[in-house]
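# Results of the structural survey
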Amino acid sequence: MCSQSPACPTRSSRAFVWTLFLATLLAGALALAAPAAQAQISYDARYRPQADYRLVDTDRFEWIYPAGADTTTALFENALRRSFQSTRSVVGTDGADFELPVVVDPISGRANGFVTPVNFRSHLFPAHPTFSFGAKFDSWAQTVAPHELTHAMHFEIDSGVGLGGLLGLFSGDASRFVHGLAPRGWFEGIAVYRESHLEPEAGRLDAPLQVMKYRAALGSGDPWSVGEVMHGSVFERPSRRHYLGGGQLIEHMAQERGSTDFFRRATRWHHRLPFLGFGMALWMGTGQTPAQLSDSFLDEEKQEERRRLDSLRQAAEQGITDPTVVAGTEGLHVRRPYWLSDSTLVAYASGYATRPGFYRIDVHTGEREVISHQATTQGRTYALGPDTTALYFARQHPDLLVPDATTLKTHRLNLRTGETRLVSETSGAFTPARAPGGPVWAARRDGSFSELVTLGEERATLRAHRPGLRYKQVVPSPSGDTIAVLANAGGTQGLYRFDPSTSTLEPWLRFEGGSIYDVTWGPEGRYVLFAADPSGIANVYALDRRDGDVRRLTTVRYGALEPTLSPGRERVAFARYRHERFELATVPFRPDSPRPVADTERDWAPRGGVLTASADSAAGGRAGAERRVSGTDGASQNGLPSGRDAASLRAQSRPYEAWRHLFPRSATPVLRGAWDLLGTSVDGENLGLGPGLKVSGADPLGRWAYNARGFYQADRLWGDVSVETGLVPGTPSLTVFNGPVEAVRETGAGPSRLEAFELRGIGLGVDQRFLFQKNVYGTSLTAGLAGEYRQSRPITTSGKAEAGFTGRATLRSDLTFKYRVQKNIRDLVPNTGVRLNASAEVDVLTPTGATPSQYLKQRVDVFWPLLSGHNTGLRTSASFLTQSRRSFFDVQSFVPRGYRDLSGALPGAGNYLRLGTKITQPLWYIDTGSVMLPVAVDALYGYGLGQAQYRVGSGAGPTLGERRASVGGGLGLRLRPFGGMSLNLEIGVSYRIDARGENRWAPHLR
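Source: prediction; values computed, not measured.

Next up on the list: the overall build of the protein. Per the secondary structure count, the protein includes 15 helices and 48 strands. Counting across all 1006 residues of the protein, residues that qualify as buried make up 55%. If you take every contact in the protein between residues at least 6 apart in sequence, the share linking residues at least 24 apart comes to 59%. If you sum the accessible surface of the protein, you get close to 41900 Å²; carbon and sulfur atoms cover 53% of it.

Printed below as a string of structure tokens:
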């Protein structure tokens, strides 16, 4: 018996029990298919250009960082040290032996971090965001490190008896991987909840620019359900609703129950029985069915939002701002407008069917004219040149060889021609802006902080050195005598002013209880416009430099950002947030009508830089003011030293040596021949079962990875070993193998026979992706080349040889080239670009008298933008196949729809051509997930296609014959099993134009 408590499930709903039973059957079926489909545990090497990495062992963390990054690593180390115990109490991780390798990873110019359960480690990118995320945290390290620590502790929760615990006996990484099968909103939600209880009013649950998106969804009439917040959106903005909604859901449950113990209970149940679906685990952990939880969560949140809006309306002295909307449709984001004239604006726009880029917008009609399709930084901190003929912006440039490596560089866009050029070769610079008659000013990243510079063609010149600042925007005044600088110092974000004549940077304006998010100068420099959130909602403000008054110009429900004053000083344009959109809006400029704002702070005395003396202040300078929901993070509570500075960390470091980390991470049993027991028996040399063991491992940096397998079958020991290195591009691999294989030999007369062979050999391979362009359009080449020498001989069921070895050497290659491929948010297939795929295999050495095997398959896809405004995908394709033997390779995908089940339609030896076209039309963007079943459903679409296959003959010239053509159509469903990679399921019917005695109509499923 159990009492009616939140921890004890109530079975009041018979419908839910039946739903659970059916969901169990379906989830079990999906779980059985998952390991083969996407849950393979593998260890891979990764190429890194920098060889000099250092290593420091601390109490629970092993720090791996590039030489020279001691200061940044010290910030991360102190942030994790201070938050360790309270994070552990929130997550509920078992055991005191928690250890985590942490890689401080400088390869990406993006601000981010992640934890991987396979080859368990955390990666922290030192570069701070170019936008205002974490504005009230002392440092970027304090923002990201505890968030990722929460994920790491989540992966370490021990469930005891169950599937995850059983896997943990053989591989800790496999056990952690089961935790990763939970819905993304679950593990991101607890991390957002944790980050939001580190500092007062910090983290995504309190940050106004994050909360506004959640509030707007609540007020839209279609609030996010539990199923939606549990899964990230693919076709709906905001794309990270699982962060925002997941965190709100976790906080809702924590407030109802008084603690986060439910998280540990539900996580343990899912770890034990993941094949039953997450809904069962959530029920067992919270005492509520998913439907009950969704109802209570939404009811309370909607009531709270109604109360907030009522209070806002009552407090608004001049009512809620009702602006003129210039451009605003579902999914359209129009950001950072600037006036070109009193009737024309330039802004950055992107949308569900709008290609990202800079657009010229008519203020009266809202019509958009594209100037140039360009990517830019997430903060959209670009600037209009003084003569209004050019824009200055920064964007990420990809590394040609290193995956995910990017570098920030600055550009100038000519508004008349749409041409762009580099402003400077300087890396890491952002928010560029040209001063009238002067240089281009910018901020340049310096580890987790940044510095003020001016840009030359080859290099940057440091103009102000103020340690501990994170610059967000740099804006010269119309006269060029003052540079307005938006910067963050120790969790307070406000305006500074720089005097180029004296090279002094001084505090200017900030709010006592809010942050400033952007800044622009008005014509002639009298007014400075900016967005700030002292009321908890970002609104537009204006500073009059004559009298020093600050006045609020808008009162909006969710957020107003990026204001700009028209040349005639009559109207203010800004970006207003509503659900799924940033609208371009305008209001009359009336700087004298509202009362001056009183809660501002002017010309304050800056405190010491956060990097002076030690890094302690950057890791938790306001720890005493933290909320007590999850406990303070003071050093005394943890029983650990108060912190390390860069010098002490450098003194303790030693060179990173990969070989010290190559102990096996996984030792899993294997059973060769197990699937043969389920197949149809064939007489002949059946080798039986082969029990064995597979051992795998890799070092945290991915310099080396290996997989070794041994098994006993047919009275002999067999095995294979593969080694891969990331020390050079291409991550070369070496494989040595010796094992038995079974093959069914078709006989001309009588039944088929199973024959056994011993196969041994050696293989070499390289795989490399070349990323030439990653702007709005992408151009890349992925190439793989492998060579293999193998010997084979027939054997008996006892493993004895029946003949001598025969040798064969083979070369294989795979190539995928994409040229200017582009997809908008709601495109199911690219709307423009060309894609080329080619795969080939050829025998370069064969036994005497044997015919070499040859195979070549090429395919070219051309994507057309004719109906891209409706997200319609139109693709034409041409494929060529040549092979030396009939269906020596699996060529089912080459056969037109409707003929794939006909053996006579499979290409034989020779040359073949296939032409085709396919149109794909989205019908319903479902974009939600199931809590009961481990699957997210993204979109329903319709498609139509036509395909024709020809045999290409030789003679006086190429001829086409033996045509097999079909047309057809149907419905498709895009799914994400376990929230992972997308899977298209299509069902339809084909009409066989060239039927030869078969039914002309044939269903197809793929």
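Judged by side-chain polarity, Leu 734, Val 736, Ile 762, Leu 764, Val 766, Leu 785, Tyr 789, Leu 811, Val 844 and Leu 845 come together as a nonpolar surface patch covering roughly 840 Å² of accessible area. Mapped by element, the contributors of at least two residues to the nonpolar patch are strand S36 (733–745), strand S37 (753–774), strand S38 (778–794) and strand S40 (832–845). It is S37 that provides the largest number of residues to the nonpolar patch, a total of three residues. Tracing the backbone through its elements, the reader meets Leu 785 in strand S38. Residue class for Leu 785 comes out partly exposed when judged on its relative accessible area of 48%.

Once that is clear, we can look at the sheet that holds strand S16 (residues 440–446). Spatially, four strands are ordered S15-S16-S17-S18 in an open sheet, and the strand pairing comes out antiparallel. A single partner strand is all that each edge strand has here, and the edge strands are strand S15 (429–434) and strand S18 (460–464). In this sheet, neighbouring strand axes are inclined to one another by 35 degrees on average, regardless of whether the strands run parallel or antiparallel. With four bridges connecting them, S15 and S16 associate as antiparallel partners. What sits directly across from Ala 429, in S16, is Arg 444.

Looking at the secondary structure, you find Val 91 in helix H2 (residues 70–91). By relative accessible area, which is 0% here, Val 91 ends up buried. It is 9.9 Å that separates the C-alpha atoms of Val 91 and Leu 149, two residues lying 58 residues apart in sequence. Ignoring any residue separated from it by four or fewer positions in sequence, one finds Val 91 in contact with Thr 150, Met 153, His 154, Ile 157, Phe 263 and Arg 264.

The next point concerns unusual backbone geometry. Among all residues save glycine, negative phi is the norm, and among peptide bonds the norm is trans. Residue Pro 238 is reached from Arg 237 by a cis peptide bond, and omega for that bond is -5 degrees. Residue Asp 404 is not a glycine yet carries a positive backbone phi of 65 degrees. With respect to the element layout, Asp 404 can be found in the loop between strand S12 (390–398) and strand S13 (406–414). Take Asp 404: its relative accessible area is 55%, and that puts it in the exposed class. One non-glycine residue, Ser 503, lies in the positive phi region at around 55 degrees. Relative to the helices and strands, Ser 503 is located in the loop between strand S21 (492–499) and strand S22 (504–511). Under the relative-accessibility criterion, Ser 503 is labelled partly exposed at 41%.

Across the interface, helix H5 (residues 172–179) lies against helix H10 (residues 261–272) with an axial gap of 9 Å and an inter-helix angle of 115 degrees. Here H5 and H10 pass one another in a crossing that is right-handed. For the pair formed by H5 and H10, the contact residues are Ser 175, Val 178 and His 179 on the first element and Thr 267, His 270 and His 271 on the second. For the contact of H5 with H10, the per-class residue count stands at one nonpolar, five polar and no charged.

Together, Arg 110, Arg 769, Lys 774 and Lys 818 make up a positively charged patch on the protein surface. Looking at the secondary structure, you find Arg 110 in the loop between strand S3 (100–104) and strand S4 (113–116). Judged by relative accessible area, which is 38%, Arg 110 ranks as partly exposed.

Glancing now at the sheet that holds S12. Across the sheet, which stays open at both edges, the four strands sit in the order S11-S12-S13-S14 with antiparallel pairing between neighbours. Taken across any chain shown, the strands that pair with only one partner, and hence form the sheet edges, are strand S11 (383–384) and strand S14 (420–422). Summarising the sheet, S11 and S12 pair through two bridges and their orientation is antiparallel. Counted as the bridge partner of Leu 384 is Leu 391 from S12.

Another point: the pairing of strand S25 (residues 539–544). By the criterion of burial, S25 is predominantly enclosed, with six of the six residues buried. Neither face of S25 is exposed, since Asn 539, Tyr 541 and Leu 543 on one face and Val 540, Ala 542 and Asp 544 on the opposite face are all buried. Strand direction decides the pairing type here: strand S24 (residues 527–532) and S25, joined by six bridges, are antiparallel. Considered in S25, the bridge of Ala 531 is made with Val 540. With antiparallel pairing between neighbouring strands as the criterion, S24 and S25 make up a hairpin whose turn holds six residues, including Gly 536 at a positive phi of roughly 95 degrees. Taken together, the three bridges between S25 and strand S26 (residues 550–552) define a ladder with antiparallel strand orientation. Residue Leu 543 lies in a different strand from S26, and its bridge partner there is Val 550. Between S25 and S26, which follow one another and run antiparallel, lie five residues, and Gly 548 among them has a positive phi close to 80 degrees.

Turning our eyes to something else, we now look at the nonpolar core. Ranked by size, the top nonpolar core spans 62 residues in total, and within it Phe 61, Trp 63 and Trp 186 carry the most contacts. Inspection of this core shows a minimum of three residues originating in each of domain 1 (47–156) and domain 2 (159–315).

Let us now look at the pattern of salt bridges. According to the stated counting rule, one finds 43 salt bridges in the structure shown. The salt bridge involving Glu 77 is made with Arg 81; its shortest N-O contact spans 2.5 Å. You can see Glu 77 and its partner Arg 81 sitting in helix H2, four residues apart, about one turn around the helix. No difference in accessibility class separates Glu 77 from Arg 81, as the two residues are buried. A salt bridge links Arg 793 to Glu 758; the shortest N-O distance between them is 2.9 Å. Residue Arg 793 is found in strand S38, and its partner Glu 758 is found in strand S37; the two are separated by 35 residues along the sequence. Assigned by exposure class, Arg 793 and Glu 758 land together as buried. Taken together, the shared-partner salt bridges in this structure form one network comprising Glu 156, Asp 173, Arg 176 and Arg 665.

Here the focus is the packing of aromatic side chains. Using the criterion set out here, one finds 24 aromatic pairs in the structure. Residues Phe 358 and Phe 393 carry aromatic rings whose centres are separated by 5.3 Å and whose planes lie at 55 degrees to one another, so their mutual orientation is tilted. Remark: Phe 393 occurs in strand S12 and Phe 358 occurs in strand S9 (residues 357–362); sequence separation between them is 35 residues. For the pair formed by Phe 358 and Phe 393, the shared burial category is buried. Cation over ring: Arg 716 sits above Trp 718, and NZ or CZ is 4.0 Å from the ring centre.

With 12 residues, H10 ought to run about 16 Å at 1.5 Å a step, and its terminal C-alpha atoms sit 17 Å apart, in line with that. Among the residues of H10, Phe 262, Phe 263, Ala 266, Thr 267, His 270, His 271 and Arg 272 are the ones counted as buried.

Before going further, it helps to examine the confidence of the model for the protein. Of the residues in the protein, 88% have a pLDDT of 70 or more, and the chain-wide mean is 87. Confidence, read as mean pLDDT per element, is least for helix H13 (residues 616–620) in the protein (29) and greatest for S9 (98). Confidence over residues 25–39 falls short of pLDDT 50; this stretch has 20 contacts with residues more than four positions distant or in other chains. Confidence drops under pLDDT 50 across residues 608–642; counting only partners more than four residues distant or on other chains, this segment forms 89 contacts.

To continue, consider the side chain of Ser 233. Position of Ser 233 relative to the elements: it lies in the loop between helix H8 (226–229) and helix H9 (241–257). Polar contacts involving the side chain of Ser 233 include one to the main-chain carbonyl oxygen of Glu 236, which spans 2.8 Å. Reaching out from Ser 233, the side chain makes a polar contact with the backbone oxygen of Ser 239 at a distance of 3.3 Å. Discounting chain neighbours no more than four positions away, the residues touching Ser 233 are Pro 238, Ser 239, Arg 241 and Asp 927.

Cut-offs used in this document
- Residues numbered from 1 in each chain as written.
- Predicted model: local features only at pLDDT ≥ 70, side-chain atom pairs only at ≥ 80, totals over all residues.
- Heavy atoms only, no water.
- Helix = DSSP H or I, 4+ residues; strand = E, 2+ residues; numbered from the N terminus.
- Buried < 20%, exposed > 50% of the residue type's maximum accessible area, 1.4 Å probe, protein only.
- Contact = heavy atoms within 4.5 Å.
- Areas by Shrake-Rupley, 256 points an atom, 1.4 Å probe, with all protein chains shown as cover.
- Patch = residues over 30% accessible without salt bridge, like charges linked within 9 Å, V, L, I, M, F, W, Y side chains within 5 Å.
- Salt bridge = Lys/Arg side-chain N within 4 Å of Asp/Glu carboxyl O.
- Pairing = 2+ DSSP bridges.
- Axes fitted to C-alpha atoms, helices over the stretch in contact; angles between N-to-C directions.
- Left-handed = near helix turned anticlockwise from the far one by under 90°.
- Nonpolar A, V, L, I, M, F, W, Y, C, P; charged D, E, K, R; others polar.
- Lys, Arg positive; Asp, Glu negative; His and termini not counted.
- Charge placed at Lys NZ, Arg CZ, Asp CG, Glu CD.
- Core = buried A, V, L, I, M, F, W, Y, C linked by side-chain atoms within 4.5 Å.
- Domains from an automatic or database assignment.
- Phe/Tyr/Trp six-rings, centres within 6.5 Å; stacked < 30°, edge-to-face > 60°.
- Lys NZ or Arg CZ within 6 Å of the ring centre and 35° of its normal.
- Expected span 1.5 Å × (residues − 1).
- pLDDT = per-residue confidence, 0-100.
- Polar contact = N/O pair within 3.5 Å; in protein donor to acceptor, adjacent residues only side chain to side chain.

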